[in-house]
Amino acid sequence: MCTEIKKIVLFILILLIPTLLYPQEGKVLNRILKNGELRVGTSGTQPPFTMKSKDGQLMGYEIELAKLLTQAMDLNLKFVEKPFSELLPALEKGEIDMVMSGMTITAERNIKVTFAGPYIVSGKSILVKSKRLPALDEMSEINRSTITVVVLNGSTSKRFVEKLAPMVKLLTTNDYEAAVKMVLDDKVDVMIADYPICVLSILRHPEAGLATLEEPITIEPIGTALPPDAFQLNNLVSNYLNALQINGVLGNLETKWFENSSWLIRLP
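Residues numbered from 1 in each chain as written. Predicted model: local features only at pLDDT ≥ 70, side-chain atom pairs only at ≥ 80, totals over all residues. Heavy atoms only, no water.

Describing the packing of aromatic side chains
Under the counting rule described, the total for this entry stands at four aromatic pairs. With centroids separated by 6.0 Å and ring planes inclined at 40 degrees, the aromatic side chains of Tyr 61 and Tyr 119 adopt a geometry described as tilted. Within this pair, whereas Tyr 61 is found in helix H3 (residues 61-72), its partner Tyr 119 is found in strand E6 (residues 114-122), the two being separated by 58 residues in sequence. Like Tyr 61, the residue Tyr 119 is buried in the burial classification. Each ring, one from Trp 257 and one from Trp 263, has its centre 5.3 Å from the other, and the planes form 50 degrees; the classification is tilted. For Trp 263, a relative accessible area of 6% gives the class buried. Every member of this aromatic cluster is reached through a ring pair, and the members are Phe 49, Tyr 61, Tyr 119 and Phe 258. (Phe/Tyr/Trp six-rings, centres within 6.5 Å; stacked < 30°, edge-to-face > 60°. Helix = DSSP H or I, 4+ residues; strand = E, 2+ residues; numbered from the N terminus. Buried < 20%, exposed > 50% of the residue type's maximum accessible area, 1.4 Å probe, protein only.)

Here you go:
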């Protein structure tokens, strides 16, 4: 009899493990569904992932993707704009429900939050004046105390430079527009950023003599950051992303925002 009671108690404890380990499980998605609104954090300054048009409207790959997700989930969409470095802290504080802002999935970030995706793969590159590219096309050549590098604050580019080029003078900005301007004005030697952003900067300034590498020097998966205690929300978003991948929508979005430059005319 005692053995049977022990088995029953053990079975009940096993059933309770998810609740004991994740007491908030389900509450995030329940709140979102109850409010009928999904709050998506984005910087609005990371083209072509997220940016502003001439009339001040958000546009870009992840902006359009966020709209598709909320339509599929039958929710209202609310974008919350913050500098890139403030997005994950805002997610951890519960000020937003997810981050869609060209965010690389890394082990360090995954300790504090979860990720759905990736839905696209990017990689690091450099943006320089074309006359300097032959001398700075390797990180070992950039790693000199005479070189000044600018990166986005809070980005993986910052950690990338700190690890592989510790000798450089490292500057940070809160948006890429300011970083590109520093390259244009010869205030820095190099901007290190995601490859698509470097290519886009060249397209936006065709007369400036800018150059980047032919291929990115790293491989970085980009995904949606979600709260650590929101398994159901992560599962729902992941399922919708898989569906968008299967029916070709993600491929069409990638072509539209990363291969077709016709939308450049909409930028300031």
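Describing the environment of Val 28
Among the structural elements, Val 28 can be located in helix H2 (residues 27-35). Distance in space between the C-alpha atoms of Val 28 and Asp 229 is 7.7 Å, their sequence separation being 201 residues. Apart from residues lying up to four places away in sequence, Val 28 is in contact with Pro 227, Asp 229, Ala 230 and Leu 233. (Contact = heavy atoms within 4.5 Å.)

A few points about the nonpolar core
If you look at the biggest cluster of nonpolar residues, it comprises 33 residues, and the most contacted ones within it are Tyr 61, Leu 65, Met 100, Tyr 119, Leu 233 and Trp 263. Breaking this core down by element, the ones donating at least two residues are H2, strand E1 (37-42), H3, E6, strand E12 (220-226), helix H10 (231-246) and helix H11 (249-259). Here Trp 263 is in contact with Pro 48, Met 51, Met 59, Leu 200, Lys 256 and Trp 257, once residues within four sequence places are set aside. Within the second largest apolar cluster, 26 residues are counted, among which are Val 99, Val 150, Val 183 and Ile 197. (Core = buried A, V, L, I, M, F, W, Y, C linked by side-chain atoms within 4.5 Å.)

A look at the environment of Ile 120
Mapped onto the elements of the fold, Ile 120 is located in strand E6. Judged by its relative accessible area of 6%, Ile 120 is buried. A C-alpha to C-alpha distance of 7.3 Å links Ile 120 and Gly 223, two positions 103 residues apart in sequence.

Considering H2
Of all the positions in H2, only Val 28, Leu 29 and Ile 32 are classed as buried. Projected down its long axis, H2 carries its buried residues within an arc of 95 degrees, all on one side. Those residues of H2 that are exposed and angled more than 90 degrees off the buried face are Asn 30 and Lys 34. Looking at the buried side of H2, the elements it contacts are E1 and H10. Gly 36 occupies a position one or two residues after H2 and carries a positive phi of about 70 degrees. (Arc of directions from axis to C-beta.)

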